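# Overview (structure and organization)
One-letter residues, chain by chain:
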Amino acid sequence: MNLFVNQTITIYQLKVQGIQNSSVMQIGSAGMIRPVSNLYNTGGYTGAAPPLATLPTVELPAPS
């Protein structure tokens, strides 16, 4: 049995907090999600990134 779904989706604003490797973002419905992972060197970098500086810690109050 074949089931075809036609949708019209209008998105006025989409905020994505973060996308990491192996993340899946889906809008609408899909019969099958095929994961794809692509890695691109768009900056033409040839070496490793420099180490991060130490970040200051922020003390939070104990939960009440």
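Now for a quick tour of the structure.

For the rest of this paragraph, the subject is the environment of Asn41. Residue classification places Asn41 among the partly exposed positions, given a relative accessible area of 45%. One polar contact links the side chain of Asn41 to the main-chain amide nitrogen of Gly44, over a distance of 3.2 Å. Polar contacts involving the side chain of Asn41 include one to the main-chain carbonyl oxygen of Tyr45, which spans 2.7 Å.

Attention shifts here to a nonpolar patch on the surface. Nonpolar side chains collect at one region of the surface, where Ile9, Ile11, Leu14, Val16, Ile19, Met25 and Ile27 lie side by side and expose about 640 Å² of accessible area between them. Since its relative accessible area comes to 41%, Val16 is described here as partly exposed.

Conventions and cut-offs
Counting restarts for each chain, with residues numbered from 1 along the sequence as it is written. Totals for whole chains, interfaces and linings use all residues, but because this is a predicted model, local features are given only for residues with pLDDT of at least 70 and pairs of side-chain atoms are given and counted only at 80 or more. The side-chain numbers reported here are obtained from all heavy atoms of the structure, hydrogens and water having been left aside. A simple rule labels every residue: compare its accessible area, found with a 1.4 Å probe on the protein chains alone, to the largest value its type can have, and call it buried under 20%, exposed over 50%, or partly exposed in between. Throughout this description, a polar contact denotes any pair of N or O atoms lying within 3.5 Å of each other; where both atoms belong to protein, one of them has to be capable of donating a hydrogen while the other can accept it, and for residues adjacent in sequence the pair is counted only when both atoms sit in side chains. Two joining distances apply to patches: 9 Å for like charges and 5 Å for nonpolar side chains (Val, Leu, Ile, Met, Phe, Trp, Tyr), and every residue must have over 30% relative accessible area and no salt bridge. All accessible-area figures derive from a Shrake-Rupley calculation using a 1.4 Å probe, and residue coverage is judged against the displayed protein chains alone. Whenever Lys or Arg places a side-chain nitrogen within 4 Å of a carboxyl oxygen from Asp or Glu, that contact is recorded as a salt bridge.

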